[in-house]
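As a plain string of letters, each chain reads:
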Amino acid sequence: RQNFIEPDCVSYGAAMRACTKQEAWRFCIKLLTDIRHYNVKLDTNICHMAVGFCRMAARWDDALKWFWEFRLSHANVGLMTYTQVIASCGMSQNWQAALELWNDV
């Protein structure tokens, strides 16, 4: 008999923080994919970390993708997540997307 702990937003958050410290953005994307697979309830911290990690990796397209996916899943993304994704768009000089997000706030 195997014993294992069901993954939740706390365990995924810890793994994502470890990825952030090691700048392992590809593994972070894998974790986000797993979160969807296991239907883990997203919280504000997960959304913020995911979008922030994409911003740090200069992956504005991924930041936007995950942001909208979180929104569509009715996750509480929070103002800090909006700030992260707007900053990500600004860093890539994608001002149109940044302005669209600003208007959504």
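Every value quoted in this text rests on a predicted model; they were computed, and no experiment measured them.

Conventions adopted
- Residues numbered from 1 in each chain as written.
- Predicted model: local features only at pLDDT ≥ 70, side-chain atom pairs only at ≥ 80, totals over all residues.
- Heavy atoms only, no water.
- Core = buried A, V, L, I, M, F, W, Y, C linked by side-chain atoms within 4.5 Å.
- Buried < 20%, exposed > 50% of the residue type's maximum accessible area, 1.4 Å probe, protein only.
- Helix = DSSP H or I, 4+ residues; strand = E, 2+ residues; numbered from the N terminus.
- Salt bridge = Lys/Arg side-chain N within 4 Å of Asp/Glu carboxyl O.
- Disulfide = S-S within 2.5 Å.

### Points about the nonpolar core
And step 1. Core analysis: the largest hydrophobic core is formed by 31 residues, its most contacted members being Met-16, Leu-32, Ile-35 and Phe-70.
And step 2. Here the element with the most residues in this core is helix 3 (residues 44-56); it accounts for 7 residues.

### Some remarks on the pattern of salt bridges
And step 1. In the structure shown here, the tally under the stated rule is 3 salt bridges.
And step 2. In this structure, the salt-bridge partner of Lys-30 is Asp-34, at a minimum N-O distance of 2.8 Å. Of this pair, Lys-30 and Asp-34 both sit in helix 2 (residues 25-37), separated by 4 residues, roughly a single helical turn.
And step 3. Given a relative accessible area of 43%, Lys-30 falls into the partly exposed group.

### With respect to the state of the cysteines
And step 1. Counted under the stated rule, the structure contains 0 disulfides.
And step 2. No disulfide involves Cys-19; its nearest neighbouring cysteine sulfur is the one of Cys-28, lying 5.5 Å away.
And step 3. For Cys-28, a relative accessible area of 2% puts it in the buried group.

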